[in-house]
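# Observations on chain architecture
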Amino acid sequence: MSAAFVDLGRTAHEHARALRSGEYTAVELAGATLARLRAQEPAIHAYITIEDERALAAAAAADESLRDGDAGPLTGIPVALKDLIATAGVPTTAASRILEGYVPAEDATVADRLRRAGAVVVGKANLDEFAMGSSTEHSAYGATRNPWDLDRVPGGSSGGSAATVAARGVPLALGTDTGGSIRQPAALTGIVGLKPTYGRVSRYGVVAFASSLEQVGPFGRDAEDVANALGAIAGLDPRDSTTAPEPVPDYREELGRGLDGLSVAVPDAFFDGAEDGVVEAVEAALGLLGANGARLVRGVDLPLASAALPAYYLIAPAEASANLARYDGVKYGAGDTSGPGLWDEMERTRGVGFGPEVKRRIMLGTYALSAGYYDAYYLKAQRVRTLIREEFDDALADHDLILSPTAPGTAFRLGERVDDPWAMYLSDLYTIPANIVGYPAISMPCGFVEGLPVGLQLLGKPFAEGTLLRATAAYQAVTDWHERSPSVPGPAGREA
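Just so we're clear, the structure is a prediction, and the values are computed from it rather than from any experiment.

### Points about the layout of surface pockets
- Taken as a whole, the largest pocket holds about 270 Å³ of empty space.
- Here the lining of the largest pocket is built from residues that sort into 13 nonpolar, 2 polar and 3 charged.

### Overview of helix 15 (residues 465-477)
- In this model helix 15 runs 18 Å from its N-terminal to its C-terminal C-alpha over 13 residues, within 8% of the 18 Å that 1.5 Å per residue would give.
- Taking burial as the measure, the 13 residues of helix 15 include 12 buried ones, the bulk of the element.
- The inward-facing, buried residues of helix 15 contact strand 5 (192-195), helix 7 (223-233), helix 8 (276-291), strand 9 (401-405), strand 10 (441-449) and strand 11 (452-460).

### Side note on the sheet that holds strand 3 (residues 120-125)
- Read from one edge to the other, the open sheet built from 11 strands follows the order 1-3-2-4-6-5-10-11-9-7-8, with strand pairing classed as mixed. The sheet terminates laterally at strand 1 (47-50) and strand 8 (295-298), the two strands that pair on one side only. On average, adjacent strands in this sheet sit at an angle of 30° to one another, irrespective of strand direction.
- Docked against the sheet, helix 2 (residues 26-44) engages strand 1, strand 2 (78-82) and strand 3, running at close to 140° with respect to strand 1.
- Packed on one face of the sheet, helix 7 meets strand 4 (172-177), strand 5 and strand 6 (215-220) and runs near 150° to strand 6.

### Let's talk about a nonpolar patch on the surface
- Residues Tyr367, Tyr373 and Tyr377 make up a contiguous nonpolar surface patch of about 290 Å² in total accessible area.
- Examined against the element boundaries, Tyr373 turns out to sit in the loop between helix 11 (356-369) and helix 12 (375-398).
- For Tyr373, a relative accessible area of 34% translates into the label partly exposed.

### Things to note about unusual backbone geometry
- Residue Ser157 follows Gly156 across a cis peptide bond; omega there is 10°.
- Summarising the element assignment, Ser157 is placed in the loop between strand 3 and helix 5 (159-166).
- Phi is positive for Thr136, close to 60°, though the residue is something other than glycine.
- Tracing the backbone shows Thr136 in the loop between strand 3 and helix 5.
- Even without glycine at this site, Arg168 takes up a positive phi of about 65°.
- Summarising the element assignment, Arg168 is placed in the loop between helix 5 and strand 4.
- For Arg168, a relative accessible area of 8% translates into the label buried.

### Focus on the nonpolar core
- Ranked by internal contacts, the top residues of the largest apolar core, which has 150 residues, are Ile85, Leu114, Phe130, Phe392, Ile402, Leu403 and Ile436.
- A per-element tally of this core places helix 9 (residues 308-323) first, with 9 residues.
- Residue contacts for Ile402: discarding those within four places in its chain leaves Ala265, Pro267, Phe270, Leu302, Phe392, Ala395, Leu396, Gln457, Leu458 and Leu459.

### Focus on helix 3 (residues 52-68)
- Compared with the 24 Å implied by 1.5 Å per residue over 17 residues, the 25 Å span of helix 3 between its first and last C-alpha is a close match.
- By the burial criterion, the buried members of helix 3 are Ala55, Ala59, Ala62, Asp63 and Leu66. Down the axis, helix 3 shows its buried residues gathered within 110° of arc, on one side only. Turned more than 90 degrees away from the buried face of helix 3, the exposed residues are Glu53, Arg67 and Asp68.
- Of the surrounding elements, those touching the buried residues of helix 3 are helix 1 (12-21), helix 2 and strand 3.
- After helix 3 finishes, the residue Gly69 shows a positive phi value of roughly 75°.

### Some remarks on the packing of aromatic side chains
- Applying the stated criterion to the full structure yields 12 aromatic pairs.
- With 4.8 Å between their ring centres and 80° between their planes, Tyr312 and Tyr313 make a pair best called edge-to-face. Like Tyr313, Tyr312 is buried.
- Measuring from ring centre to ring centre gives 5.9 Å for Phe448 and Trp481, while their planes differ by 50°; the resulting arrangement is tilted. In this pair, Phe448 sits in strand 10 while Trp481 sits in the segment after helix 15, placing the two residues 33 residues apart along the sequence.
- Among the residues examined, Trp481 registers a relative accessible area of 22% and is labelled partly exposed.
- Of the aromatic side chains, those joined through ring pairs into one cluster are Phe130, Tyr327 and Phe354.
- The ring centre of Tyr141 lies 4.4 Å from the NZ or CZ of Arg97, which sits over that ring.

Each value, and the rule that gives it
- Residues numbered from 1 in each chain as written.
- Predicted model: local features only at pLDDT ≥ 70, side-chain atom pairs only at ≥ 80, totals over all residues.
- Heavy atoms only, no water.
- 1 Å grid on protein atoms, 1.4 Å probe; cavity = no way out; pocket = protein on both sides within 12 Å on 5 of 7 lines; lining within 4 Å.
- Points joined across faces, edges and corners; volume = space filled by probe spheres on them.
- Nonpolar A, V, L, I, M, F, W, Y, C, P; charged D, E, K, R; others polar.
- Helix = DSSP H or I, 4+ residues; strand = E, 2+ residues; numbered from the N terminus.
- Expected span 1.5 Å × (residues − 1).
- Buried < 20%, exposed > 50% of the residue type's maximum accessible area, 1.4 Å probe, protein only.
- Contact = heavy atoms within 4.5 Å.
- Pairing = 2+ DSSP bridges.
- Axes fitted to C-alpha atoms, helices over the stretch in contact; angles between N-to-C directions.
- Patch = residues over 30% accessible without salt bridge, like charges linked within 9 Å, V, L, I, M, F, W, Y side chains within 5 Å.
- Areas by Shrake-Rupley, 256 points an atom, 1.4 Å probe, with all protein chains shown as cover.
- Salt bridge = Lys/Arg side-chain N within 4 Å of Asp/Glu carboxyl O.
- Core = buried A, V, L, I, M, F, W, Y, C linked by side-chain atoms within 4.5 Å.
- Arc of directions from axis to C-beta.
- Phe/Tyr/Trp six-rings, centres within 6.5 Å; stacked < 30°, edge-to-face > 60°.
- Lys NZ or Arg CZ within 6 Å of the ring centre and 35° of its normal.

Following this line, the structure appears as structure tokens:
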């Protein structure tokens, strides 16, 4: 069968059924996917690297597993990885010139687990440099565009991963979420994005930004795809001491349970600053959740949530300052050796290798950690973080979920906020609290404003990803927002 007959509009679980039934092979699916990615790249620029030969070889191995009856839900499914997830033998750039030429010797744990599950990695997705940004404009390899409107951003920092899923390039992708970098781009591109509980997924082999805040998580079109991806990558990893020894459930078992009995807290403060169209879409979603069995509790007070943003912009840059100190041009990556001495070469390397946003955050973090300012800034931010977590614990003692918009607005225009860091940082106003407290949160599409997607966010208790997926599946069962797709360039045939 020709690859032209592969329908790339399908979800991952729909592809899995087609592969098992013999409708097409994994090699044909991979070939159609790669052709579509190549056709889309000039318009969207979702990728830094596309792995044609490796993807086809992995697909051939998946076909052998399918023939042997040894196939799981991800066998033969094309997947994209954010390009700060290490891949053996394939460049990992973190979208930074300072890592130019760096090729890891081994896979990150999440990449290894996906491959063992039979997934076919087709490429490394674009991002804001070192995951520092909310628009995927801060990439040394050029900006990614939103497939719903090519003049707008896809969000960030995992914008490439989100854009390629939204454009039906791949059904699944992995990103990282340090302050909203999965959920915010999921909202702006109209797909589902999940940030797991801190410690649920290994960070081994993932280029570090802010180690106490970030988690790897999946993008997909619906709850079932995200559940399958999370099930493959979650769990204890001896190589990452921050992973938790919590057993990994079969998240799919939660998907059909509906909303009955779920108590959903709706803090009014989480709507402050949101655009009118976003509020209307989220209010409509609230009505549907209530009509289908959820118990909505309005007016829940979380006064310290507003402190999450300033606390984050002290903690994250401080940790970035420490993590990025390793990039000196000596051990790996690009280096400028034209200076008269080692310190001069290091200064030149960092001056050329790091982009403006990364430099800004390193300087902020270094200042916050410096003598005389540590107690006034970084330590105080950590104390505020503890108070915020206690406040969320109190709310979640009485409720299963906390609901809010994912982002204050829809996708903004390319270049609109590049020179206004504070406006850019406010894009993560509603997502940052989940990272500060370390709890799971998910974004799902809940409407459109002037043709641009709106995201609904749910935050849950620690390791209650199943509850988030249950609520997402129930909402998607009575809506079709997740089934809508943008019109983007692609090869002729049904896959376009």
